[in-house]
Amino acid sequence: MDTIASLFSFITTPVSWVIVQFHTVYGAIFGPDTGWAWGLSIVSLVVLIRICLIPLFVKQIKSTRNMQALQPKMKAIQERYKSDKQRQSEEMMKLYKETGTNPLSSCLPILAQSPFFFALYHVLSSIASGKEIGVLNQQLVDSARQAHIFGAPIASKFMDSPEAVAALGASLTDVRIVTAIMIVMMSASQFFTQRQLMMKNVDLSVKTPYMQQQKMLMYIFPLIFAVMGINFPVGVLVYWLTTNVWTMGQQMYVINQNPTPGSKAQDSYLQRLLKNVTTHGEVRGRRRKNIVKVIVAKGSDRNENERRFFTGLSKAGFAAQADGTVIKSDTIVAEAEGGAAAKRQQPKRQTKAQRQAAAVQQAAAKDAEESSEPAAEQATTSLEKKPQGPAEAGAEDETKDEAKDQAQGDKPARPRANSGGSRQGKSGQRKGQQRPKHPSSKK
């Protein structure tokens, strides 16, 4: 590690100068020889470096997303040119050039931090040895050697001997407890950062080898830092723990505000955006409008999360526009309400037995209706075609005479006697047309 750190000795002077400037500020507050002054100086160094690396971090995010989107095409190229490795490499480079993707962009922040990391390691190693380095004179080196963070000198290591720790004015037990806790926290923050990226900000609908690689790195990186951490000075552990916490917070912000399309984080973001739009009746903020604008431009290529977002807008009575804004639409509300009412009024699904019983009842009703129609037609025809017999005609004449006498007042009306003809008429009315008797039958 010392040999690697010496390779970056050219940057130790700028790093030591930055630490001294921060130490001047914090030393005036907490005291020049305290662990707070030197520890916060290292933390401030990390913050300054990470702020300068924000453009690289943004480029890393874009490159990572482009790589995720290109995985299906890359897999197709690998399968098509499986036996021709040279042609496969040429097609890969062509794909990267067309899409403007650089596979190394995802490693840029780590690569950019490496010189500062090894330069800080070199500075702390020199402090532990009591040697001047960069702009740190002997007085500042002695002050740094006396600084303790929770009882552990900032230049001590987990694997130091008891004599080396005693020379720094501390006990081996304190050093190992503090360094062990910091190593665990450093590895846990690294694991949580990678897990947050894999579980929330990855499109799980596309299964690619890239996802498997990221899942492996999620477990490998924490183990690597845990093994290497036992050889890091306390000051370097402070540096690496701070940069992990910064990365975790920065990534959490990016995931919540600009998630990967198709991921769980995008679904959560769009649901929050939908709630905000329905509450205020508009899309607030330029960044949110740009996101809605991009989703509108996708058209039929929208993923499930984006389609769910547009459905929610329609139900709330809003329509997204091409410029990222939304408008209120009463037609959309009526259609949504009509569709919901029609959906509620749908009958329940019947069982097979119920459908069979209903079919039998319908068939029986149809048969009964068909059988009743000929009988009704026959009765109507018989009534229309029935002739009047002599008895019926006589009875009718007698009724007319009685009515005439009663009207003239000659004699009161008297009841009409039932004759055989009338009975025969009644009988004929009840039974219909009578069959003529045979000549041989008795009268």
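About the criteria used
Residues numbered from 1 in each chain as written. Predicted model: local features only at pLDDT ≥ 70, side-chain atom pairs only at ≥ 80, totals over all residues. Heavy atoms only, no water. Phe/Tyr/Trp six-rings, centres within 6.5 Å; stacked < 30°, edge-to-face > 60°. Helix = DSSP H or I, 4+ residues; strand = E, 2+ residues; numbered from the N terminus. Buried < 20%, exposed > 50% of the residue type's maximum accessible area, 1.4 Å probe, protein only. Lys NZ or Arg CZ within 6 Å of the ring centre and 35° of its normal. Core = buried A, V, L, I, M, F, W, Y, C linked by side-chain atoms within 4.5 Å. Contact = heavy atoms within 4.5 Å. Salt bridge = Lys/Arg side-chain N within 4 Å of Asp/Glu carboxyl O.

1. Considerations on the packing of aromatic side chains
Reasoning step 1: Taken as a whole, this structure holds 4 aromatic pairs when the rule is applied.
Reasoning step 2: Measuring from centroid to centroid gives 5.1 Å for Phe225 and Trp240, while their planes differ by 35 degrees, and the two rings are tilted. Placement of the pair is Phe225 in helix H10 (residues 209-229) and Trp240 in helix H11 (residues 234-257), with a sequence separation of 15 residues. Just as Phe225 is buried, Trp240 falls in that class too.
Reasoning step 3: With 5.8 Å between their ring centres and 85 degrees between their planes, Phe309 and Phe310 make a pair best called edge-to-face. An identical accessibility class is assigned to Phe309 and Phe310; each is buried.
Reasoning step 4: Through a chain of ring-to-ring contacts, the aromatic side chains of Phe225, Tyr239 and Trp240 assemble into a single cluster.
Reasoning step 5: The side chain of Arg176 reaches across the aromatic face of Phe158, ending 5.3 Å from its centre.
Reasoning step 6: Sitting above the plane of the Phe310 ring, Arg302 keeps its charged end 4.2 Å from the centroid.

2. Description of the nonpolar core
Reasoning step 1: Residues Trp38, Leu45, Phe117, Leu120, Ile127, Leu136 and Tyr239 are the most contacted members of the largest nonpolar core, which totals 44 residues.
Reasoning step 2: Those elements that provide at least two residues to this core are helix H2 (12-30), helix H3 (35-52), helix H6 (108-129), helix H7 (138-146), helix H9 (172-200) and H11.
Reasoning step 3: A per-element tally of this core places H6 first, with 8 residues.
Reasoning step 4: With sequence-adjacent residues up to four places away left out, Trp38 is seen in contact with Ile19, His23, Pro32, Leu136, Leu140, Ser143, Ala144, Ala147 and Ile154.
Reasoning step 5: The next biggest cluster of nonpolar side chains, apart from the first, holds 16 residues, and it includes Tyr269, Leu274, Val277 and Phe309.

3. Quick notes on unusual backbone geometry
Reasoning step 1: A positive phi angle, close to 55 degrees, is found at Phe150, a residue other than glycine.
Reasoning step 2: Within the secondary structure, Phe150 is located in the loop between strand S1 (148-149) and strand S2 (152-153).

4. Describing the pattern of salt bridges
Pairing between side chains becomes possible if they bear opposite charge and their charged atoms approach one another.
Reasoning step 1: One pass over the full model with this rule turns up 6 salt bridges.
Reasoning step 2: As a salt-bridge pair, Glu304 and Arg307 come within 3.1 Å of each other at their nearest N and O atoms. On the criterion of helical spacing, the pair formed by Glu304 and Arg307 is a turn pair, its members being 3 residues apart in helix H14 (residues 304-315).
Reasoning step 3: For Glu304, the salt bridge goes to Arg308, with nearest N and O atoms at 4.0 Å. Taken together, the positions of Glu304 and Arg308, both in helix H14 and 4 residues apart, correspond to about one turn of that helix.
Reasoning step 4: Take Arg308: its relative accessible area is 35%, and that puts it in the partly exposed class.

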